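Coordinate inspection notes
Listed below, chain by chain, are the residues.
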Amino acid sequence: MTIRTLYWENDTVVMIDQNALPHEERYLVCKNYREVITAINDMTIRGAPAIGVAAAMGIALGVLNLPAKSRGECLQDDFYRICDEFSGTRPTAVNLFWAIERIKSCFENVLRSGTSDIKNALVEEAIHICEEDIGINRQIGIYGRNLIKNSDTILTHCNAGALATAGYGTALGVIRAAREEGKELHVFVDETRPVLQGARLTAWEMKKENIPVTVITDNMAGFVMKQGKINLVIVGADRIASNGDAANKIGTYSLAVLARENNIPFYIAAPLSTIDMAIKSGEEIPIEERDEDEITNFHGVKTAPEGVAVYNPAFDVTPNRYISAIITEAGIVTTPFEEGIRKFFSK
Ligand code: MRU
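Residues numbered from 1 in each chain as written. Predicted model: local features only at pLDDT ≥ 70, side-chain atom pairs only at ≥ 80, totals over all residues. Heavy atoms only, no water.

**A closer look at the sheet that holds strand β3 (residues 27-30)**
Basically, it comes down to this: Here, any two strands with at least 2 DSSP bridges between them count as paired. Per the convention used, a helix needs a DSSP run of H or I reaching at least four residues, while a strand needs a run of E reaching at least two, with both numbered from the N terminus. Axes here refer to lines fitted to C-alpha atoms; in helices the fit is confined to the stretch in contact. Angles between the N-to-C directions go from 0 to 180 degrees. Only heavy atoms matter for contacts: two residues are in contact if any of them lie within 4.5 Å across the pair.
The strand order β1-β2-β3 describes an open sheet built from three strands, whose pairing is antiparallel. Sheet topology places β1 (6-9) and β3 at the edges, where each strand pairs with a single neighbour. Strand-to-strand, the axes of this sheet are offset by a mean angle of 25°, without reference to chain direction. Where strand β2 (residues 12-16) and β3 come together, four bridges link them in antiparallel fashion. Across the sheet, residue V14 finds its bridge partner in β3, namely V29. Against the sheet, helix α1 (residues 33-41) contacts β2 and β3, and its axis sits at roughly 140° relative to β3.

**Here's the deal with the site of the ligand**
What counts here: Nearness of a residue to a molecule or strand requires only that one of the residue's heavy atoms be within 4 Å of it. Whenever two N or O atoms come within 3.5 Å, that pair is a polar contact, provided that in protein one can donate a hydrogen and the other can accept it, and provided that, for residues adjacent in sequence, both atoms are side-chain atoms. Computed with the Shrake-Rupley method and a 1.4 Å probe, the accessible areas treat only the protein chains shown as cover for residues. Classification convention: Asp, Glu, Lys, Arg as charged; Ala, Val, Leu, Ile, Met, Phe, Trp, Tyr, Cys, Pro as nonpolar; all other residues, Gly among them, as polar. Note that domain bounds follow an automatic or database assignment of domains.
What surrounds the ligand is a group of 19 residues, the closest being R46, R90, D238, N248 and K249. R90 is positioned such that a nitrogen or oxygen atom in its side chain is 2.8 Å from an oxygen atom of the ligand. In this structure, an oxygen atom belonging to the ligand sits 2.6 Å away from a side-chain N or O atom of N248. Starting from 420 Å² of accessible surface for the ligand in isolation, the protein chains cover 99%. Those elements that place two or more of their residues in the shell around the ligand are α2 (48-64) and β9 (246-249). Tallied by class, residues from the shell around the ligand come to eight nonpolar, seven polar and four charged. Residue assignment places the shell around the ligand across two domains, with domain 1 (6-138) and domain 2 (143-346) each supplying three or more.

**Points about the side chain of D190**
How we decide: Throughout this description, buried means an accessible area under 20% of the type-specific maximum (1.4 Å probe, protein chains only), exposed means over 50%, and partly exposed covers the range between. We score Asp and Glu as negative and Lys and Arg as positive, and we do not count His or the chain ends. We define a salt bridge as a side-chain nitrogen of Lys or Arg found within 4 Å of a carboxyl oxygen belonging to Asp or Glu.
In this fold, D190 is placed in strand β5 (residues 186-190). Buried and unpaired, D190 has no salt bridge, with K249 as the nearest side chain of opposite charge at 12 Å. Within polar-contact distance, the side chain of D190 engages the side chain of H157 at 2.8 Å. In contact with D190, other than residues within four places in its own chain, are L155, T156, H157, C158, G198, A199, I216, T217, D218, A221 and L255.

**Describing the sheet that holds strand β11 (residues 275-276)**
Here four strands make up an open sheet; going across it, the order is β11-β8-β9-β14 and the pairing mixed. On the outer flanks of this sheet lie β11 and β14 (315-318), each paired with one strand and no other. Looking at chain direction, strand β8 (residues 239-241) and β11 are connected through two bridges and run parallel. Within β11, the residue paired with A241 across the bridge is D276. Against the sheet, helix α9 (residues 252-261) touches β9 and β14, its axis set at about 30° to β14.

**A few points about the domain arrangement of the protein**
Formally: Reported buried area values correspond to the accessible surface (1.4 Å probe) lost by two parts on association, with both partners' losses combined.
When the domains of the protein are assigned, the result is domain 1 (6-138) and domain 2 (143-346). Here domain 1 and domain 2 have C-alpha centroids that lie 25 Å from each other. Counting residues at the interface gives 29 residues for domain 1, matched by 35 residues for domain 2. Between domain 1 and domain 2, a total of about 2700 Å² is buried, with carbon and sulfur atoms accounting for 55% of that surface. For the domain 1 face of the interface with domain 2, the top three residues by lost area are R46, T92 and N137, together amounting to 23%.

What follows is the structure, given as structure tokens:
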């Protein structure tokens, strides 16, 4: 069962509306780049690699819709302005900035061409980034599936699945790959407060593929581990520092600490585009804070007193000492992470 997260069609960017899931499977058709920006901000599309692909397509769409100019160079100011607008959407997932850099290099390579050639090149590059992501996730799955044994029960958090990527997924890609080679598995997923990506999206994906899935609330993870129900934890990441510290959905750090306490391996599955070689440690990762309504409202019903103070960081950082291994498309890296990660980038 293939889930189409986002794609380019007839000069529009089409994406499954993740805010409508699991109740309704509907698609949003973005006809201009501002609609793509809104979709990233309001989490119609979310998940680090998917945000990157959406931005690449959104920038291409923005340039495509610019009025024809006599020379390619005349598009420059508008192009960089559109890129800046995308950079201002969600700060933590580095895949966003990685994708913007890819689109910028493409633009710079064709800058002296005619405007229609530039537009075509950007659209092609955005589609290429999208297709490439699916291949990368399949390769992550091939490496990662060896860490899973027949009959394992795996705990995951948030959604690092097909919906969070161009397709197949990172953490859920590893689970899919293990299933494809015939392993019997059971997935436990934290509901993932406050936006419920686990309960709404991961459970939906797993059910769609008949992979047995059990939803728990976030605060049950420790108890479930202590009961011996979990063999391993696999999650995705939004930004990994060059020393292996990894930012992921809020609550991931607690899971990693609980996994260590209970002698359970804790794995991160992520593409190389999630690794930020420009930062030394997780201390430097910017953490997005989101609207307080995500915490004080539940489906339009107030769940906290009016005016109460709220703190809503969307991500946390797991120090590398809690991570058993990071699974990438270039292979699996374990401690010392700094050395292993550096090797990936010096090949
Ligand atoms: O706020 P979100 O839903 O965009 O957060 C998503 C996550 O934290 C995912 O685990 C991460 O992006 C990895 S997706 C392959």
